[in-house]
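Examination of the molecular architecture
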Number of protein chains: 2
Amino acid sequence: MATRKPTAPELHRQAVAAYVAAGGEESVQRVITAVASLSKKLDQWYARQLADLDLASGEWAVVAALAKAGEPLTPSQLADLTNVAPSSMTHRLDKLAERGLVERAPDATNRTRVFVALTEDGWQLFSLAIRGSDVVESDVLQDLSEKERGELARLLEVVIARLDDIEA
Amino acid sequence: MATRKPTAPELHRQAVAAYVAAGGEESVQRVITAVASLSKKLDQWYARQLADLDLASGEWAVVAALAKAGEPLTPSQLADLTNVAPSSMTHRLDKLAERGLVERAPDATNRTRVFVALTEDGWQLFSLAIRGSDVVESDVLQDLSEKERGELARLLEVVIARLDDIEA
DNA sequence: CTCGAAGAATTCGACATCGAAATATTAGCA
DNA sequence: TGCTAATATTTCGATGTCGAATTCTTCGAG
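For the structure given in this document, a descriptive report is provided here. Not measured: the values here are computed from a predicted model.

What follows is about the interface of chain B and chain A. Tallying the contact residues gives 78 residues for chain B and 78 residues for chain A. Taking both partners together, chain B and chain A bury about 7300 Å²; carbon and sulfur atoms supply 63% of that area. Looking only at chain B, the three residues that lose the most surface to chain A are Lys68, Ile160 and Leu163 of chain B, adding up to 8% of its buried area. Between the two partners, chain B and chain A, sit eight salt bridges. We note a salt bridge from Glu148 of chain A to Arg154 of chain B, for which the minimum N-O separation is 3.3 Å. For the pair chain B and chain A, the number of links is 24 residue pairs in polar contact (both at pLDDT 80 or more). Among the elements of the structure, helix H1 (8–21), helix H2 (26–52), helix H3 (57–69), helix H4 (75–81), helix H6 (120–140) and helix H7 (146–166) of chain B are those that each provide at least two residues to the side of chain B that touches chain A. The dominant element in the side of chain B that touches chain A, judged by the number of residues it contributes, is H7 of chain B, at 19 residues. When the residues that make up the side of chain B that touches chain A are grouped by side-chain class, the tally is 37 nonpolar, 18 polar and 23 charged.

In structure tokens:
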């Protein structure tokens, strides 16, 4: 590699510049680009961390979705939450069930539906992964004061509150 | 669906609560979770928008990476930038080249390497997509003042500056 | 009550992606 | 120079994902 590998801030500036040059608005692109590259980097770390647990990132998404919901979900709901086709979920659940991380149970009131729930092992895996990743995440945010973190979270949450209204 | 579909802020709160319950730190999880869900939603919108241009999101990633770099890149670099295995890049580039969006050219000084560049059509497609998506992105940020957008961007950029130092 | 439409999960064939191996070229060193 | 290690791309077999079709159940109009 003749040219040095660019740093994250350099990549960020390049990206914003390119988007602005192509007709995007600067204040918008600075935010959007930063969110995208931050998320991308985090995903990479998670993938590595999950590899240690012998879990594909899509499988983790299922476990996390169930943990967040705190109650059983149907395969369709899981497919929706994890951004995957319902047909793909079937196989994923097969594998996760085989490993004993989730359980399928028929819905007594509606026999077309199936409920998927985390097993005890599933919960333990979730907790283990979270505690591990929290360390990395704290490192990422180490340059922000507690007050700044709160402000950052607040601003992001304002944006999130807008998400549902847009769909159109 | 018996239960109403949860809104984005509800999902966000649930996620933070689950992560904190599993041992994560709150100020960290609020930020990380918000970044993740925002990024996910944006990806969904991009995927839809790109479908109109008959472009898979991975193909877009290649076009965007080349546009941001502003110069030709090798398949390996593109694979790295777009988070994909080098072997997968081969086929993607084949397809993009077939559509006339990129061009491959051998590197005269090192015959192991190949340079990939955007064609004129590739640049036009990039510009078209950016102008289209900027509209959606502006909508997402509409609840933030110009000053708040600047502050949000600044905080995110502080975090990004830290990214490279962590790899360990 | 019956029949057709709608909804949910699964199966199936086609295609994209992955990791490992293969190929070709360059770089380093005795 | 000659030989080995390293680098870059591509090929290949296995696996995951997608969209369409399938099966089964429930809902609703007449």
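Additional details are given in the paragraphs that follow.
In the contact formed by helix H2 (residues 26–52) of chain A and H6 of chain B, the axes pass within 10 Å of each other and the chain directions differ by 85°. The orientation of H2 of chain A relative to H6 of chain B falls into the category roughly perpendicular. Judged by residue contacts, Val28, Gln29 and Ile32 of chain A of H2 of chain A engage Asp134, Glu137 and Ser138 of chain B from H6 of chain B. Here the contact of H2 of chain A with H6 of chain B is built from residues that sort into two nonpolar, two polar and two charged.

Thresholds, definitions, all that
- Residues numbered from 1 in each chain as written.
- Chains lettered and ligands numbered in written order.
- Predicted model: local features only at pLDDT ≥ 70, side-chain atom pairs only at ≥ 80, totals over all residues.
- Heavy atoms only, no water.
- Contact = heavy atoms within 4.5 Å.
- Buried area = accessible area lost by both parts, 1.4 Å probe.
- Salt bridge = Lys/Arg side-chain N within 4 Å of Asp/Glu carboxyl O.
- Polar contact = N/O pair within 3.5 Å; in protein donor to acceptor, adjacent residues only side chain to side chain.
- Helix = DSSP H or I, 4+ residues; strand = E, 2+ residues; numbered from the N terminus.
- Nonpolar A, V, L, I, M, F, W, Y, C, P; charged D, E, K, R; others polar.
- Axes fitted to C-alpha atoms, helices over the stretch in contact; angles between N-to-C directions.
- Parallel < 35°, antiparallel > 145°, perpendicular 65-115°, else oblique.

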